[in-house]
Amino acid sequence: ATDLSDGGLALAAFEMAEGAGLGLRLEAADIGTLFGEDQARYLVACSDANAALIEAAAAKAGVSVARVGQFGGDQVDLGGETASMADLSALYRSAFAAAVA
């Protein structure tokens, strides 16, 4: 689990997937949903069975929850735009050094 502060949903999901060596697919395509840095939003990665348990507990507590995508494969798909995780990971890992060189 992680908060959706710096970089919003897209960056949080990418960082989780990249750290696990997995691709990801996020269904949202709008900029606000993907990159919004709203307060009190969290991304939880879990199995489908545990997602159902989390949804039930959230409903009981009056907390809104939504499934936004899934991890797996070797591609990153953000709202229909797809790229190789390997290519994006290399860029992510080298961008700062390249910018200050």
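For the structure given in this document, a descriptive report is provided here. Please read all numbers here as calculations on a predicted model, not as lab measurements.

With that settled, the discussion passes to the overall build of the protein. On a plain count of helices and strands, the protein comes out with four helices and six strands. Each helix and strand of the protein, ordered N terminal to C terminal, gives the series β-α-β-α-β-α-β-β-β-α. With the principal axes as the frame, the protein shows a C-alpha extent of 50 × 30 × 20 Å. Every one of the 101 residues in the protein was classed for burial, and the buried ones make up 23%. Sequence-distant contacts in the protein: of pairs separated by 6 or more residues, those separated by 24 or more amount to 73%. With an accessible surface of roughly 6,500 Å², the protein has 57% of that area assigned to carbon and sulfur atoms. Side-chain charges of the protein comprise 5 positive and 14 negative groups, with the mean position of each set lying 10 Å from the other.

In this section: the nonpolar core. In terms of nonpolar packing, the biggest core is built from 14 residues, with Leu 24, Leu 26, Leu 43 and Met 85 touching the most fellow members. Counting only elements with at least two residues in this core, the list comes to helix H1 (8–20) and strand E2 (24–26). The leading source of residues in this core is H1, at six residues. In this view, Leu 43 contacts Ala 1, Thr 2, Leu 4, Leu 9, Ala 12, Ala 13, Met 16, Val 68 and Phe 71; residues no more than four positions away in its chain are not counted.

Attention now moves to the pattern of salt bridges. Counted according to the given criterion, the structure contains five salt bridges. Across the pair Asp 38 and Arg 41 runs a salt bridge whose closest N-O atoms are separated by 3.9 Å. The class of Asp 38 is partly exposed, set by a relative accessible area of 44%. Given the relative accessible area of 23%, Arg 41 is considered partly exposed.

What counts and how
Residues numbered from 1 in each chain as written. Predicted model: local features only at pLDDT ≥ 70, side-chain atom pairs only at ≥ 80, totals over all residues. Heavy atoms only, no water. Helix = DSSP H or I, 4+ residues; strand = E, 2+ residues; numbered from the N terminus. Buried < 20%, exposed > 50% of the residue type's maximum accessible area, 1.4 Å probe, protein only. Contact = heavy atoms within 4.5 Å. Areas by Shrake-Rupley, 256 points an atom, 1.4 Å probe, with all protein chains shown as cover. Lys, Arg positive; Asp, Glu negative; His and termini not counted. Charge placed at Lys NZ, Arg CZ, Asp CG, Glu CD. Core = buried A, V, L, I, M, F, W, Y, C linked by side-chain atoms within 4.5 Å. Salt bridge = Lys/Arg side-chain N within 4 Å of Asp/Glu carboxyl O.

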